[in-house]
Amino acid sequence: MSESRERRGAGSGTTPVDGEGGALRTGGEDGTGQVAVPPAHDTRETVRIRHNDYGSLTPPELGRWEPRLGVSVVIAAYDCQESLDRTLASLAAQTYPGDLTEVIVADDGSDPPLRLPETAPARTRIVRVPEGRWGRGWARQTGAAEATGDVLHWVDADVILDREHVEAHMRWHHLAPYAVVLGDVRFTPEPSGQAPGAQEVLAAVRHGRADGLFPVSVPHAWRADRLAETDRLREAGSRAYQLHSGASTSVPLTLLRAAGGVNTALNMGEDTDLGFRLAQAGAVFVPDADAVCWHLGPSTVMTREKEVHRHNWSVLPDLIPDLRWLRTHPRRTWLVPYVRVVVDAADATYEEVRASVDAALAGTLADVAVTVTGPWSALPEGRRPSLDEPLLDLRLVRNLYANEPRVSFAETVPDAAPSPFRLLCPAGWALGADTLDRLVKHAEGEEYGLLSVVLDERESGITAARLERVAAFARAALVPGGDPDDLVHEMFGSLWVGGEEYGFAPAERIQPVAGDAARWRAEAARWRREAERLEDEVESLRREARELRERAERADGERRRGPIGEIIATVRHRRAG
């Protein structure tokens, strides 16, 4: 442990820890010098973080604040009693209060079953993954389902935590309700001899000397590079989730549930999948260099990287639209679409809805799904006049797309998560072949949270389409007070653009989609824009040529006149007068 960290542990006023968990207590303004975190309503409910720049948050110094939130530490474990004993021993010596901490070990079918050692924290229990289920996804979700704390803290069963590890995590959660905190995991070489026992770990962590157990340790190189490139994720934007790891990560339990919890179908890649869904739920990812832990030996990714990628890249493309390089097939349908287009059919004709839906499905950005909203439950069943029923246009729309896998029906506008984008398109307006592709690239390039597209403007009002970044509106929903569009503008930025510029057109002005026309429509639109640009350029050159010709004629006249020419011109002028 560094000198500064040792001083902090020895003189911060922290109550000594024991085998039942540490207890951090502060005295506020009573002269102890300790600082209490402001009440939750002063910080957590008002903080507005732009993109992933958490720099506006100022965490309290370790050992000098008063915690209030409960934490549930969840450990997924399988046939690893010895390493689990060490992990639990390090948890028993944490500075975070024991009465605010519970530890849940999710036993993934170990044989013999895992047991609690003497060095485990007092509030520790073991739960078993349901019979017939297995894998890290199931283990983590089983533990999460048992959690009762405000925050869930994932910890791997083969790591040893520094004494202030949990405290370092939790101070951020007292500042922002959508922070996901990433610990600093360091990897040791493969143990050449006997690994430290649980009692040795307990004593070392308790006295702030855990780093003495591991004279050599290194960070994961790729993670370290990403942190350096992005100012420790402050400039990572929408890609910050890529560093999410279950080895040491904490998340508010409400945010975890809003994201859908852990994908129990995954035994590998579940961390990346969950990180992406947390991002779409509005998370800000905060790496904390003080939340140190040590992983005994290299990870599987470090020793078998190509094999891990080969496995995960067969699964993750279906779940994470952001992995564009894994979605290169031009005609694949993916489980989670990149963009969900929403068309409201409630007050529109069948022809208007069809024009909008067909155009959205036929664009160059094929990674799209469409939801058509309307009062579908009002459509009568049974005998009815086929040509004269009151909601005939709705019936025809449902008939047309009933078996189209990329089209769904909903009564109200759906939550698009975990898709990164949602486009709200008024019925009767059709997207050009590359409209959606260009809009999304514009939004991605500037990290906009909202692009509003003016389609028509009249005295009665503006007709507009909206491209919404799902993560931006999810975060706005976590900040009480204020208009959602205003909050999104503040935290992500927004922009108004013209519909014609991006290829939108009313239904009556477009040709019906036929054949595999997307590429040709896009090419035609591109050449049409190029022709318009060239016409403007030619007209500009013509104006420039006229100006140059006039200047040349004036210069030539002045040159011919000279002194004699001036005299002759003056005489002629007088005679004419």
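The structure we're discussing is the one just above.
Let us look at the structure shown here. Keep in mind that this is a model prediction, so the values were computed, not measured.

### Regarding the overall build of the protein
Working step 1: Secondary structure summary: the protein contains 18 helices and 18 strands in total.
Working step 2: A separation threshold of at least 6 residues defines the contact pool for the protein, and within that pool the share at least 24 residues apart is 77%.

### Comments concerning the nonpolar core
Working step 1: With 59 residues, the main nonpolar core has Leu152, Trp154, Leu278 and Phe285 as its most contacted residues.
Working step 2: Ignoring anything within four residues of it in the chain, the contact list for leucine 278 reads Val180, His244, Val251, Leu255, Leu256, Ala259, Ala283 and Phe285.
Working step 3: Tyr338, Leu379, Leu394 and Val397 belong to the second-largest nonpolar core, a separate cluster that totals 40 residues.

### Quick look at the sheet that holds strand S15 (residues 450–458)
Paired through their backbone hydrogen bonds, the strands of a sheet run either parallel or antiparallel.
Working step 1: A sheet is described by the order of its strands in space; here seven strands give the open sequence S12-S11-S10-S13-S16-S15-S17, paired in mixed fashion. Taken across any chain shown, the strands that pair with only one partner, and hence form the sheet edges, are strand S12 (407–410) and strand S17 (494–498). The average angle at which neighbouring strand axes cross in this sheet is 25°, direction not considered.
Working step 2: Looking at chain direction, S15 and strand S16 (residues 461–469) are connected through eight bridges and run antiparallel. Bridging across to S16, aspartate 456 finds its partner in threonine 463.

### Some words on empty space enclosed by the protein
Working step 1: Per the stated rule, a full pass over the model turns up three cavities of 30 Å³ or more.
Working step 2: Quantified by volume, the largest cavity comes out at close to 240 Å³.
Working step 3: Lining the largest cavity are 21 residues, and of these Ser238, Ala279, Gln280, Arg469 and Ala471 sit closest to its centre.
Working step 4: For the lining of the largest cavity, the secondary structure elements donating two or more residues are helix H9 (270–280) and helix H16 (470–477).
Working step 5: Of the residues forming the lining of the largest cavity, the biggest block, three residues, is contributed by H9.

### A look at the pairing of S16
Working step 1: As defined by bridge partners, strand S13 (residues 421–425) adjoins S16 across four bridges and the pair is classed as antiparallel. Directly across from leucine 424, in S16, lies its bridge partner arginine 466.

### Quick notes on the packing of aromatic side chains
Working step 1: For the structure on display, the rule yields six aromatic pairs.
Working step 2: Both rings, one in phenylalanine 214 and one in tryptophan 294, keep their centres 5.5 Å apart while their planes meet at 25°; by these two values the pair is stacked. Of the two residues, phenylalanine 214 sits in the loop between helix H6 (198–206) and strand S7 (218–219) while tryptophan 294 sits in strand S9 (residues 284–295), which places them 80 residues apart along the sequence. Residue phenylalanine 214 shares its accessibility class with tryptophan 294, and that shared class is buried.
Working step 3: When the centroid spacing of 5.9 Å and the interplanar angle of 85° are considered together, the rings of tyrosine 338 and phenylalanine 421 count as edge-to-face. With tyrosine 338 in the loop between helix H12 (316–319) and strand S10 (339–344) and phenylalanine 421 in strand S13, this pair connects stretches of sequence that are 83 residues apart. For the pair tyrosine 338 and phenylalanine 421, a shared accessibility class is recorded, and that class is buried.
Working step 4: A cation over an aromatic ring shows up here: arginine 324 above the ring of tyrosine 338, its NZ or CZ 3.8 Å from the ring centre.
Working step 5: Taking NZ or CZ as reference, arginine 332 lies 4.0 Å from the ring centre of tryptophan 334, over its face.

### A word on the pattern of salt bridges
A pair can form between side chains of opposite charge whenever their charged atoms are brought close.
Working step 1: The final tally for this structure, using the stated rule, is 33 salt bridges.
Working step 2: For arginine 395, the salt bridge identified is with glutamate 389, shortest N-O distance 2.9 Å. Of the two residues examined, arginine 395 and glutamate 389, each falls in the buried class.
Working step 3: Linked through salt bridges whose partners overlap, the residues forming this network are Arg136, Arg140, Asp156, Glu270 and Asp271.

### Observations concerning the environment of tryptophan 154
Working step 1: Here tryptophan 154 lies in strand S4 (residues 151–155).
Working step 2: For the pair formed by tryptophan 154 and serine 72, sequence separation is 82 residues and the distance between their alpha carbons is 8.4 Å.
Working step 3: When near neighbours in sequence (up to four residues on either side) are disregarded, tryptophan 154 contacts Val74, Arg140, Ala144, Gly246, Ala247, Ser248, Thr249, Val251, Leu256, Val262 and Leu274.

### Side note on the pairing of S15
Working step 1: With antiparallel pairing between neighbouring strands as the criterion, S15 and S16 make up a hairpin whose turn holds two residues.
Working step 2: Here five bridges tie S15 to S17, and the two strands are oriented parallel to one another. Among the inter-strand pairings, serine 452 is bridged to a residue of S17, identified as tryptophan 496.

Analysis parameters
- Residues numbered from 1 in each chain as written.
- Predicted model: local features only at pLDDT ≥ 70, side-chain atom pairs only at ≥ 80, totals over all residues.
- Heavy atoms only, no water.
- Helix = DSSP H or I, 4+ residues; strand = E, 2+ residues; numbered from the N terminus.
- Contact = heavy atoms within 4.5 Å.
- Core = buried A, V, L, I, M, F, W, Y, C linked by side-chain atoms within 4.5 Å.
- Buried < 20%, exposed > 50% of the residue type's maximum accessible area, 1.4 Å probe, protein only.
- Pairing = 2+ DSSP bridges.
- Axes fitted to C-alpha atoms, helices over the stretch in contact; angles between N-to-C directions.
- 1 Å grid on protein atoms, 1.4 Å probe; cavity = no way out; pocket = protein on both sides within 12 Å on 5 of 7 lines; lining within 4 Å.
- Points joined across faces, edges and corners; volume = space filled by probe spheres on them.
- Phe/Tyr/Trp six-rings, centres within 6.5 Å; stacked < 30°, edge-to-face > 60°.
- Lys NZ or Arg CZ within 6 Å of the ring centre and 35° of its normal.
- Salt bridge = Lys/Arg side-chain N within 4 Å of Asp/Glu carboxyl O.

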